[in-house]
Number of protein chains: 2
Amino acid sequence: MSILSVAKEHLSADDIHIKLRKDYPGIGLATVYRTLELLVKRNLVYKFDFGDGRARYEIISDEKGKNHHHHLVCKKCSRVIDYNDFIDKEVELLQKTEKGLSQKYNFKITDHLIQFYGLCDKCK
Amino acid sequence: MSILSVAKEHLSADDIHIKLRKDYPGIGLATVYRTLELLVKRNLVYKFDFGDGRARYEIISDEKGKNHHHHLVCKKCSRVIDYNDFIDKEVELLQKTEKGLSQKYNFKITDHLIQFYGLCDKCK
DNA sequence: CCTTTGATGAGAACGATTATCATTTGCAAG
DNA sequence: CTTGCAAATGATAATCGTTCTCATCAAAGG
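Positions within a chain are numbered from 1, following the residues in the order the chain's sequence is written. Working convention: letters from A go to chains and numbers from 1 go to ligands, in the order in which they are written. Thresholds applied to this predicted model are a pLDDT of at least 70 for local features of residues and 80 or more for the giving and counting of side-chain atom pairs; totals over whole chains, interfaces and linings are not thresholded and use all residues.

**Some details on the relation of the copies chain B and chain A**
Then step 1. In superposing the copies, a least-squares fit is computed on C-alpha atoms, taking residues whose pLDDT is at least 70 in both. Rotating chain B by 180 degrees and moving it 0.0 Å along the rotation axis overlays it on chain A with an RMSD of 0.1 Å. One copy is carried onto the other by what is essentially a two-fold rotation axis. Minimal C-alpha separation from the rotation axis in chain B is found for I114(B), amounting to 2.4 Å.
Then step 2. Note on contacts: each residue gets a C-beta atom placed from the backbone, and two residues are in contact if those atoms are within 7 Å. Comparing interface residues between copies, 100% of those in chain B also sit at the interface in chain A, which points to an isologous, same-surface contact.

**So, the environment of V73(B)**
Residues and elements named next belong to chain B.
Then step 1. Starting at the N terminus, helices and strands are each numbered in turn, a helix being any DSSP run of H or I of at least four residues and a strand any DSSP run of E of at least two. With respect to the helices and strands, the residue V73 is situated in strand β4 (residues 70–74).
Then step 2. Buried means a residue has 20 or more other C-beta atoms within 10 Å of its own C-beta, exposed means 12 or fewer, and partly exposed covers the counts in between; C-beta atoms are placed from the backbone. Classification of V73 by C-beta neighbours within 10 Å gives buried; the count is 23.
Then step 3. Measuring from C-alpha to C-alpha, the distance between V73 and C123 comes to 12 Å, with 50 residues separating the pair along the chain.
Then step 4. Contacts of V73, omitting those with residues within four sequence positions, involve F50, G51, V80, Q115 and Y117.

**Description of the sheet that holds strand β3 (residues 55–59) of chain A**
Within a sheet, adjacent strands bond to each other through the backbone by hydrogen bonds, running parallel or antiparallel.
Residues and elements named next belong to chain A.
Then step 1. The pairing criterion for strands is at least two bridges between them, as found by DSSP. Reading across the sheet, the three strands line up as β1-β3-β2 and stay open at both edges, with antiparallel pairing between neighbours. Taken across any chain shown, the strands that pair with only one partner, and hence form the sheet edges, are β1 (11–12) and β2 (45–49).
Then step 2. Bridge count between β2 and β3: five bridges; the pairing is antiparallel. In the strand pairing of β3, V45 is matched with I59.

**A few points about the protein's contact with DNA strand C**
Then step 1. To decide whether a residue is near a molecule or strand, its C-beta atom is placed from the backbone and checked for lying within 6 Å of it. Residues in contact with DNA strand C amount to 13 residues; listed here are only the nearest, A30(A), A55(A), I27(B), G28(B) and T31(B).
Then step 2. If you list the elements that add at least two residues to the surface near DNA strand C, you get α2 (29–41) of chain A together with α2 (29–41) of chain B.
Then step 3. Sort the elements by how many residues they give to the surface near DNA strand C and α2(A) lands first, with three residues.
Then step 4. Of the residues in the surface near DNA strand C, the class split is six nonpolar, five polar and two charged. Residues were grouped as follows: Ala, Val, Leu, Ile, Met, Phe, Trp, Tyr, Cys and Pro as nonpolar; Asp, Glu, Lys and Arg as charged; and all remaining residues, including Gly, as polar.

**A short note on the interface of chain B and chain A**
How large an interface is tends to be reported as the accessible area lost when its parts come together.
Then step 1. Opposite the 32 residues of chain B that make contact, chain A presents 32 residues.
Then step 2. With 12 residues, the top contributor of residues to the side of chain B that touches chain A is strand β6 (residues 108–119) of chain B.
Then step 3. Its residues assigned to classes, the side of chain B that touches chain A shows 15 nonpolar, seven polar and 10 charged.
Then step 4. Here strand β6 (residues 108–119) of chain A pairs with β6(B) via 11 bridges, running antiparallel. The residue bridging D111(A) from the neighbouring strand is Y117(B), located in β6(B).

**Some remarks on the protein's contact with DNA strand D**
Then step 1. Of all residues adjacent to DNA strand D, which total 14 residues, the nearest are G28(A), A30(A), T31(A), A30(B) and A55(B).
Then step 2. In terms of residue class, the surface near DNA strand D is built from seven nonpolar, five polar and two charged.

**Describing the pairing of strand β5 (residues 80–83) of chain A**
All names here are of chain A.
Then step 1. One ladder, built from four bridges, connects strand β4 (residues 70–74) with β5; its direction is antiparallel. For H71, the partnering residue across the bridge sits in β5 and is D82.
Then step 2. Hairpin remark: β4 followed by β5, antiparallel, with five residues in the connecting loop; positive phi at S78, about 65 degrees.

**A few points about the sheet that holds β4(B)**
Then step 1. If you trace the six strands from one edge of the open sheet to the other, you get β5(A)-β4(A)-β6(A)-β6(B)-β4(B)-β5(B), paired in mixed fashion. Each edge of the sheet is formed by a strand with only one pairing partner; in this case those strands are β5 of chain A together with β5 (80–83) of chain B. Between one strand axis and the next, the sheet turns by 25 degrees as a mean value, whatever way the strands run.
Then step 2. Relative to β6(A), β4(A) is paired through four bridges, and the arrangement is parallel. Across the sheet, the residue bridging to H71(A) is Q115(A), located in β6(A).
Then step 3. Sheet strands touched by helix α3 (residues 87–105) of chain B: β4, β5 and β6 of chain A together with β4 and β6 of chain B. Its angle to β6(B), the strand with the most contacts, is close to 130 degrees. To obtain an axis, a line is fitted to C-alpha atoms, over the contacting stretch when the element is a helix, and the angle between two such axes runs from 0 to 180 degrees between their N-to-C directions.

**Points about the pairing of β4(B)**
Then step 1. Judged by how many residues are buried, β4(B) sits mostly within the fold: five of five residues are covered.
Then step 2. Burial of the side chains of β4(B) extends over both faces: H70(B), L72(B) and C74(B) are buried on one face and H71(B) and V73(B) on the other.

**Considering the domain arrangement of chain A**
All names here are of chain A.
Then step 1. Here the limits of each domain have been adopted from an automatic or database domain assignment. Looking at chain A, the domain boundaries give domain 1 (1–61) and domain 2 (64–124).
Then step 2. Here the C-alpha centre of domain 2 lies 21 Å away from the C-alpha centre of domain 1.
Then step 3. Taken residue by residue, the interface counts six residues in domain 1 and five residues in domain 2.
Then step 4. Residue classes in the side of domain 1 that touches domain 2 are distributed as one nonpolar, three polar and two charged.

Here it is in structure tokens:
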């Protein structure tokens, strides 16, 4: 069912539903939500909130950090830009931080979220 | 009206509404939302999403980065822990990254969001 | 006083997500 | 090939946070 993964990124549940219906005409929206919930729980899919009231989903095709990226979110037009330019240093720092935090707060860290907000080239 | 700020952190609009009614018995929920929207737009208040379906608000009492912190979010019980232990290095790196990203994508960055997800001491 | 303008509260409307429930499907035992 | 049962599915209702609408109210100024 990971066929939903072939699609591009930042899709909402409804987007995915529409795309899926081309291949599986009778599929219901509830099933899409149920499947996404499973995939998220199994760490196969990320669920993001970009502030526009609906969740966005993105596959984790994460072989050795490949494809790992963070987001730039435009506060005005809600456009989302993926970047992975500075990821290495970020991830390096994050791992140190994770270690420190894990110890201090006795917290098992499994994930992180980094997003930058601002105005994209078209909006500023 | 920043009296809402006296309260603790991570309050939802509804939490704030309830607290406010003790001092302003007739205040409506719509007004709370309207005011919060303004405060967020003017960068006096942060709006967070911790994944439980409602937005949380937090004052920015940010004199020279004081009180600035990031969050640990428990995936199981949704508890949120503030930390500012490793903030300095994080912020330092973020500023470099912001500069690089701003240039490459011609994006004016105004804010960032960092959150770690995992299991808190009680849940793991 | 009277008018205007903006803020307010009550409640309706909205939209994303979740729950419900009857139906269908898959599959294994008989 | 049936039968029976459990899990999955789709349609739709329900939920709930947030936003919209609109009548009312308050303050300001003529």
